[in-house]
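Architecture at a glance
If you want the building blocks of each chain, they are given just below.
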Amino acid sequence: VYSQPHKRGREIFGKLVPFGQVWRTGANEATEVTLTREVFVQGSLLQPGTYSLFTIPGEEKWTIIFNKDVGLWGAYNYNPAMDVLRFDVMPQPI
């Protein structure tokens, strides 16, 4: 489940979506990912199930978060105690 954000000429990362704060990784409700079998993500085993996908954007790195709390609107009720997996990635310009 993913809602595509619309840039509409705005500067997104570092402005509309502040660096260092949890973001819902999309627009509207929190993005959800459903896995039908075990998968390895960044060397960690992630069990089948539905997860909310959050990110923490940064200038130098982004933190990717799989969280077991689903059905959320935005990241307003994000609870880090419900995180299942976190890892960092380096952003790449396109």
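Structure: above.
Report follows, based on the coordinates. Please read these numbers as outputs of a predicted model, since none were measured by experiment. (Residues numbered from 1 in each chain as written. Predicted model: local features only at pLDDT ≥ 70, side-chain atom pairs only at ≥ 80, totals over all residues. Heavy atoms only, no water.)

Section: the pattern of salt bridges
Counting across every chain of the model gives 2 salt bridges. Residue Lys 61 is joined to Asp 88 by a salt bridge in which the shortest nitrogen-to-oxygen separation is 3.1 Å. Of the two residues, Lys 61 sits in the loop between strand S4 (49-56) and strand S5 (62-67) while Asp 88 sits in strand S6 (residues 83-89), which places them 27 residues apart along the sequence. A salt bridge links Arg 86 to Asp 83; the nearest nitrogen and oxygen atoms lie 2.8 Å apart. (Salt bridge = Lys/Arg side-chain N within 4 Å of Asp/Glu carboxyl O. Helix = DSSP H or I, 4+ residues; strand = E, 2+ residues; numbered from the N terminus.)

Some points on the sheet that holds strand S1 (residues 31-35)
Reading across the sheet, the 4 strands line up as S1-S4-S5-S6 and stay open at both edges, with antiparallel pairing between neighbours. Looking at the sheet topology across the chains shown, the edges are occupied by S1 and S6. Each strand of the sheet is rotated relative to its neighbour by a mean of 25°, with strand direction disregarded. (Pairing = 2+ DSSP bridges. Axes fitted to C-alpha atoms, helices over the stretch in contact; angles between N-to-C directions.)

Quick notes on unusual backbone geometry
Phi is positive for Arg 8, close to 45°, though the residue is something other than glycine. Position of Arg 8 among the secondary structure elements: in the segment before S1. Taking the relative accessible area as the measure of exposure, Arg 8 reaches 67% and is therefore exposed. The phi dihedral of Thr 25 falls on the positive side, at around 60°, and the residue is not glycine. Tracing the backbone through its elements, the reader meets Thr 25 in the segment before S1. (Buried < 20%, exposed > 50% of the residue type's maximum accessible area, 1.4 Å probe, protein only.)

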